[in-house]
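Here's the letter readout for the chains.
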Amino acid sequence: MIFYKKCFLLLLLWLPGLLAFAQKSEITGRVIEQTSGDPLPGANIILKGSSDATIANEKGEFRMQTEAGDILVVSFIGFETREIIVDRNASALTIAMKEDVNQLSEIMVTGALGIKRAARELGGGSQVVGSENLNQAKTINPLNGLTSKVAGLRINMYDSKVDPQIQITMRGTRSLNRSKNAPIYVVDGVPVPDISRINPNDIESVTVLKGANAAALYGSEGVNGALMVTTKTGNRDKGRVTFGHTTTFSNVYMLPPAQTQYGQGVNGVYNATQAESWGPAFDGSMKDFGPKLPDGTQPQALYAAPGSDNRLDLFQTGVNMQNDISFSGGDEKTTYFFSVQDAAIKGIIPEDKSRRTGARFNGSRNFGKLKTAYNINYVYFTKNTTPDGPWITAYSLPANFNFNSMKDWQNPLAIGNPNNFFTDLQKNPYHQINNIRDESEQQNLNGKIELDYEVTPWFNAMYRLGLYNNNVQTRSTTGKFEAAGRRNVNGSVNDGTNNFRRLNGDLILNFHKDFGKFTTRLLLGQNFRADNTKASSISTSNLLLPDVFNPGTRIGELAGSSSITEYRSLAGYGEFTAGYNNYLFLTFTGRNEWVSVLSQENRSYFYPGVSASFVFNEAIPALKDNNLLSFGKLFGSWNKTGNVTLDPYSLNNPYTQSNGFPFGNLVGFTPGLRYPNPNIQPEFVTSFEVGTQLSFFNNRLHFEGSYVFSDSKGQIFNATTSRATGYSSAVVNAGRLTNSIVELSVSGDVVRTNDLKWNVGFNFTHINNQVKELYEGLRSFNIFRQSYANIGQAYPSLQVSDYQRDPQGRVVVDAATGDPLVAADPRHLGTMVPPYQMGLNTNVKYKGFNLGAQFDWRMGGWLYSEIVPRMYTAGTEPRTAEFGREAFVYPNSVIETSPGVFTENTELKTSSGGKAFWTKQGEVQINTAAKSDFFKLRELNVSYSLPTALLAKQRFVRDATIGFVATNLFIIRHKDNKYGDPEYLYNSTDGYLSFRQVPPYRTYGFNVNVTF
């Protein structure tokens, strides 16, 4: 009896443990690489919060005792650690691991042709920007997400419209043709002409291959480097759904300052119908404003400047709303990724808006030895904007102008109606906004099919076919408004269409064989590219009826045009890489290209390249397993690449019809005035690079440094010729540009604990760009207005008119009038491209909180503003009010009493301080030039992710994050720059601020992301 009692007591003691054990069950799993699906043997799997752990076998498989809600921590060197919540119904897991871009020794990068390569093999500079970093500010255009994050990469916006253009250059300018310096864009292995319409949330990573050395296999298109975009694919595990929403608001800032002392009038006398601010000082009285209204009422306005800038009333708060949803998943043979995005933007200019709706499907399927991959992306984009009139007007209007009172312009009795507007020298900005519109509708379709067959274990054959199709419909309208004199507006309409299609195909044979410690890989390929463009337009500039934009209701003849262009290229290429013991690599590349834009004699050209890399910490026994140095690599490369910047048919002589030629009504044609030189050859860019990559303290600190030199000879550009030849210009091979570049990148984890991680990164670029030669003894060549190519100076250079100055730099004034004298020769100020570029980023993660910030710093450049001269003329520029509109002694001036002898001017006053005087000063371009140095907080992201333990209590939501995002929160400019954002450019010209640009803005908002 006592025995049974003891057994019963023991059973009671063991029962809780037995019950707990009974709740556990064995789970099996497999750890694989996300992209390829290959197993990751040796991966560590730890049961979070316990000492239970296991290691994946050679097939990546593992077993472990778990219960519902347990968290598995999976790690593998070179890959990001993952936390997996055990589902109560799960019996088998497939865990796909993503590469960690911070592990320099193990990282795989997307090389040329979209082929994955070990980073240790590459003999040229490259950098990977992951999805999280790219989308830190939740931008619509993925190119904006790269700004200041990559050494050597420079990105500029044209303005702040709802769909601003982007200029991107890598490692300086190589061609005098300003539109031909962008890198090639490659999406999932397929070259495309543009990536601005890609949903940034669809991008897994962007690998930046810097310069021609890294992108040699792309030929002419790769001479400026390559942006290798890899889009997301499904994971080989349980399917997931991700939803994201972002709303941001935009507000204008950084308008050029305007004076607030004087109002409208002429020569100090008030004039109710004068737009310019040359009237008397503001006195706070009520004054007549404009003509009488049709009902006899005389409008009046307060003659006083308000406490805030009235010009800001023209702009509204912009709103940007993004909604994203994606579905992904897969199994051992198949993966899928499907996403939809809708992005709607309300611009800072009233009525301006755009909308982008797109969908992407990426899939893959393995059939034994055959691997297939395919994707398709469709984007529908619409845009409705006003041209450049409204904000040009705003810079010239008096400080007391009431913008809000001008909105009701359609009312015949309103002061904003064009018939009643206070002046006929300017237009009502709101009438321009509503009455002049540019609309566009774009449909973009692109995709690929890729077949990769394993012929033998050492030989793969792949064929990839890509399609890019872009259809754009445009309409520009001006509403008819009948009025007298300058107030009259002729109605017009211009309808256009542009269809572009590109087919790109690659056949790639990939051989790879190991011989003991030696590894070899031979890649042979053939490429074809076919571009077809058809553009047409029809327009009329004299419509009969208001608000009826039908070319059929017109006076006079229609105008129009139509063009069809084709471009073809063929290429054969090869690459051979030999490696020794996984630490020494040598790569040879070669490509021969045939292009249709050159003459038959010159259209075939070949260019070679060679590169090497040496992982010295693994080659030198004393450095192996070193606690200080985790990874060390030296690399170098040399390359010569042909660059063809000609558009199709540039070497054809076009003929045009001329009225009255040869005489009367006979139809005749005259040749073009540019000589189409049939002997044109490619520009050849020779470049070499040396550098190092280092990683310290168990991969906590990373450094990369490079020196690059490129020499671009035989520039293709238009040179002026004697008209005695029958032509005014000719296409020539002449000119030479060089670039000496230093790039440095440093990043590291300042703090790395279980709960806290603080990472800081810094990149630095210095570019010494020089014009070495121009055409036949030419020393200077005008590029655009104040932008020049000057031998011995950086390209492009800012060259402006200036005052006569004495040896001390003081302004020389006329001894009779006291007015400053203008020098006969222009003055060279310096480069318009900042030679020093720096990016600084920091990221702090503490438990579920995350703080990310990106700073941008550019120095050493110059800018020119064409806005300010107009403000001088209108009397709104602050300097025009500086001396009370009276004659004054010009500051820091001298009088030349005899040749070379200067006396300080202390008494001689200027001829006047009125409009004529200040208009002339506005024409002296040194007054509207400034240093373009700036430092700005480009991006800020603060977010919080719900704890994993909290989400483990339910089965619906896997991850949830809410955050605050902002851009351009502050900027520090050079003290002389009061004109605008130095980053903006105009007409592909760096450092040029135009009155046609929409002013800059800052954004702020929130985002939510949930994964199911």
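As a reminder, the structure under discussion sits directly above these lines.
As the structure is a prediction and not an experimental result, all values here were calculated from the model. (Residues numbered from 1 in each chain as written. Predicted model: local features only at pLDDT ≥ 70, side-chain atom pairs only at ≥ 80, totals over all residues. Heavy atoms only, no water.)

Caption draft 1: Just the overall build of the protein, in detail. Per the secondary structure count, the protein includes 9 helices and 58 strands. Whereas a compact globule of 1012 residues would reach a radius of gyration of roughly 31 Å, the protein reaches 33 Å, a difference of no more than 12%. With the C-alpha coordinates aligned to their principal axes, the bounding extent of the protein is approximately 125 × 75 × 70 Å. In the protein, which comprises 1012 residues, the share counted as buried stands at 53%. Looking at the protein alone, contacts between residues at least 24 apart form 67% of all its contacts between residues at least 6 apart. For the protein, the exposed area adds up to about 44,400 Å²; of that, 56% sits on carbon and sulfur atoms. In the protein, the 96 positive side-chain charges and the 89 negative ones have mean positions that sit 3 Å from each other. (Helix = DSSP H or I, 4+ residues; strand = E, 2+ residues; numbered from the N terminus. Rg over C-alpha atoms; globule rule 2.2 N^0.38 Å. Buried < 20%, exposed > 50% of the residue type's maximum accessible area, 1.4 Å probe, protein only. Contact = heavy atoms within 4.5 Å. Areas by Shrake-Rupley, 256 points an atom, 1.4 Å probe, with all protein chains shown as cover. Lys, Arg positive; Asp, Glu negative; His and termini not counted. Charge placed at Lys NZ, Arg CZ, Asp CG, Glu CD.)

Caption draft 2: Up close: the sheet that holds strand 44 (residues 787–790). Sheet architecture is open: 4 strands sit in the order 43-44-45-47, paired in antiparallel fashion. The open sheet has two free edges, formed respectively by strand 43 (780–784) and strand 47 (827–831), since each of these has just one partner strand. Recorded for the sheet is a direction-independent mean angle of 40° between the axes of neighbouring strands. Here 4 bridges tie strand 43 to strand 44, and the two strands are oriented antiparallel to one another. Bridged to Ser 780 within strand 44 is Asn 790. (Pairing = 2+ DSSP bridges. Axes fitted to C-alpha atoms, helices over the stretch in contact; angles between N-to-C directions.)

Caption draft 3: Layout of empty space enclosed by the protein. Across all of its chains, the model carries 15 cavities of 30 Å³ or more by this definition. As a volume, the largest cavity reaches approximately 680 Å³. If you trace the largest cavity, you find 40 residues lining it, with Thr 139, Ile 140, Asn 144, Met 157 and Tyr 1001 closest to the centre. Contributing elements (two or more residues each) for the lining of the largest cavity: strand 17 (240–252), strand 22 (318–330), strand 23 (334–346), strand 24 (353–367), strand 54 (934–945) and strand 58 (1001–1011). (1 Å grid on protein atoms, 1.4 Å probe; cavity = no way out; pocket = protein on both sides within 12 Å on 5 of 7 lines; lining within 4 Å. Points joined across faces, edges and corners; volume = space filled by probe spheres on them.)

Caption draft 4: Spatial organisation of the side chain of Asn 141. Tracing the backbone through its elements, the reader meets Asn 141 in the loop between helix 2 (131–134) and strand 11 (153–157). A polar contact of 3.0 Å, which involves the side chain of Asn 141, links it to the backbone nitrogen of Leu 143. Discounting residues that sit within four places of it in the chain, Asn 141 has contacts with Ile 166, Ser 196 and Pro 200. (Polar contact = N/O pair within 3.5 Å; in protein donor to acceptor, adjacent residues only side chain to side chain.)

Caption draft 5: Representation of the packing of aromatic side chains. Scanning the model with the defined rule gives 43 aromatic pairs in all. Aromatic pair Phe 688 and Phe 709: ring centres 5.9 Å apart, planes at 35°, arrangement tilted. Remark: Phe 709 occurs in strand 38 (residues 701–713) and Phe 688 occurs in strand 37 (residues 683–696); sequence separation between them is 21 residues. Judged by its relative accessible area of 33%, Phe 688 falls in the partly exposed class. By relative accessible area, which is 22% here, Phe 709 ends up partly exposed. Against the face of Phe 934 rests Lys 936, its NZ or CZ located 5.3 Å from the ring centre. (Phe/Tyr/Trp six-rings, centres within 6.5 Å; stacked < 30°, edge-to-face > 60°. Lys NZ or Arg CZ within 6 Å of the ring centre and 35° of its normal.)

Caption draft 6: View of the environment of Phe 1012. Structurally, Phe 1012 is set in the segment after strand 58. Given the relative accessible area of 27%, Phe 1012 is considered partly exposed. Between the C-alpha atom of Phe 1012 and that of Phe 956, which follows or precedes it by 56 residues, the distance is 5.8 Å. Not counting residues within four places of it along the chain, the set of residues in contact with Phe 1012 comprises Gly 239, Arg 240, Val 241, Phe 243, Phe 956, Val 957 and Arg 958.

Caption draft 7: Focus on helix 4 (residues 389–396). Counting buried positions over the 8 residues of helix 4 gives 8, a clear majority of the element. Among the residues of helix 4, Gly 389, Pro 390, Trp 391, Ile 392, Thr 393, Ala 394, Tyr 395 and Ser 396 are the ones counted as buried.

Caption draft 8: Region of interest: the nonpolar core. Counting 51 residues, the largest nonpolar core has Leu 143, Leu 146, Ile 195, Val 206, Leu 227 and Leu 798 as its most contacted members. When neighbours within four sequence positions are excluded, Leu 798 is seen to be in contact with Gln 786, Arg 827, His 828, Leu 829, Gly 830, Met 832, Trp 862, Leu 863, Tyr 864 and Ala 929. The next biggest cluster of nonpolar side chains, apart from the first, holds 27 residues, and it includes Val 252, Phe 421, Phe 422 and Tyr 1001. (Core = buried A, V, L, I, M, F, W, Y, C linked by side-chain atoms within 4.5 Å.)

Caption draft 9: Summary view of unusual backbone geometry. Following Tyr 795, the chain continues into Pro 796 via a peptide bond in cis, with omega recorded as -10°. Topologically, Pro 796 is positioned in the loop between strand 44 and strand 45 (797–800). Non-glycine residue Lys 138 carries a positive phi angle of around 55°. For Lys 138, the location among the structural elements is in the loop between helix 2 and strand 11. Note on Lys 138: relative accessible area 17%, which makes it buried. A positive phi angle, near 50°, is found at Phe 697, a position not held by glycine. Within the secondary structure layout, Phe 697 lies in the loop between strand 37 and strand 38. A residue is classified by how much of its surface remains accessible, and Phe 697, at 45% relative accessible area, is partly exposed.

Caption draft 10: The arrangement of the sheet that holds strand 40 (residues 729–733) in detail. Pairing within the open sheet is mixed, and its 3 strands lie in the order 36-40-39. The sheet is open, and its two borders are formed by strand 36 (674–675) and strand 39 (716–720), each paired with just one other strand. Sheet topology places strand 36 next to strand 40; 2 bridges connect them, and they run parallel. Residue pairing in the sheet places Arg 674 in a bridge with Ser 729 of strand 40.

Caption draft 11: Geometry of the pattern of salt bridges. In this structure the tally under the stated criterion is 45 salt bridges. Among the ionic pairs, Glu 221 bridges to Arg 502, the shortest N-O distance being 3.6 Å. Taken together, the residues span a long stretch of sequence, with Glu 221 in the loop between helix 3 (211–214) and strand 16 (226–231) and Arg 502 in strand 28 (residues 492–515) at a distance of 281 residues. The shortest N-O distance in the salt bridge between Asp 856 and Arg 938 comes to 2.6 Å. Of this pair, Asp 856 sits in strand 49 (residues 849–859) while Arg 938 sits in strand 54, and the two are 82 residues apart along the sequence. (Salt bridge = Lys/Arg side-chain N within 4 Å of Asp/Glu carboxyl O.)

Caption draft 12: Inspection of the pairing of strand 29 (residues 518–540) at higher detail. Inspection of the sheet shows strand 28 paired to strand 29 by 23 bridges, in the antiparallel sense. In the sheet register, Asp 506 faces strand 29, and the bridge partner there is Asn 527. Linkage of strand 28 to strand 29, two consecutive antiparallel strands, is achieved through a turn of 2 residues, within which Gly 516 is found at a positive phi near 65°. With 22 bridges connecting them, strand 29 and strand 30 (residues 559–580) associate as antiparallel partners. Pairing of Leu 523 across the sheet is with Glu 575, part of strand 30.

Caption draft 13: The environment of Thr 477, seen in detail. The residue Thr 477 is located in strand 27 (residues 459–478) in this model. Counting along the chain gives 16 residues from Thr 477 to Val 493, while the straight-line C-alpha distance between them is 4.5 Å. Among all residues touching Thr 477, those that are not within four sequence positions of it are Asn 435, Ile 436, Arg 437, Ser 492, Val 493 and Phe 549.

Caption draft 14: Quick peek at helix 7 (residues 867–874). Summarising burial for helix 7: 6 of the 8 residues are buried, a large majority. Every buried residue of helix 7 is accounted for by Ile 867, Val 868, Pro 869, Met 871, Tyr 872 and Ala 874. Those residues of helix 7 hidden inside the fold are in contact with helix 4, strand 50 (862–865), helix 8 (915–922) and strand 57 (992–993). Positive phi shows up at Gly 875, right after helix 7, with a value of about 80°.

Caption draft 15: Molecular detail of the packing of helix 7 against helix 8. Two numbers describe how helix 7 lies on helix 8: the axes approach to 8 Å, and their chain directions differ by 175°. Comparing the axis directions of helix 7 and helix 8 gives the class roughly antiparallel. Between helix 7 and helix 8, the contacting residues are Pro 869, Tyr 872 and Thr 873 on the first element and Lys 915, Trp 918, Thr 919, Gln 921 and Gly 922 on the second. When the residues that make up the contact of helix 7 with helix 8 are grouped by side-chain class, the tally is 3 nonpolar, 4 polar and 1 charged. (Parallel < 35°, antiparallel > 145°, perpendicular 65-115°, else oblique. Nonpolar A, V, L, I, M, F, W, Y, C, P; charged D, E, K, R; others polar.)

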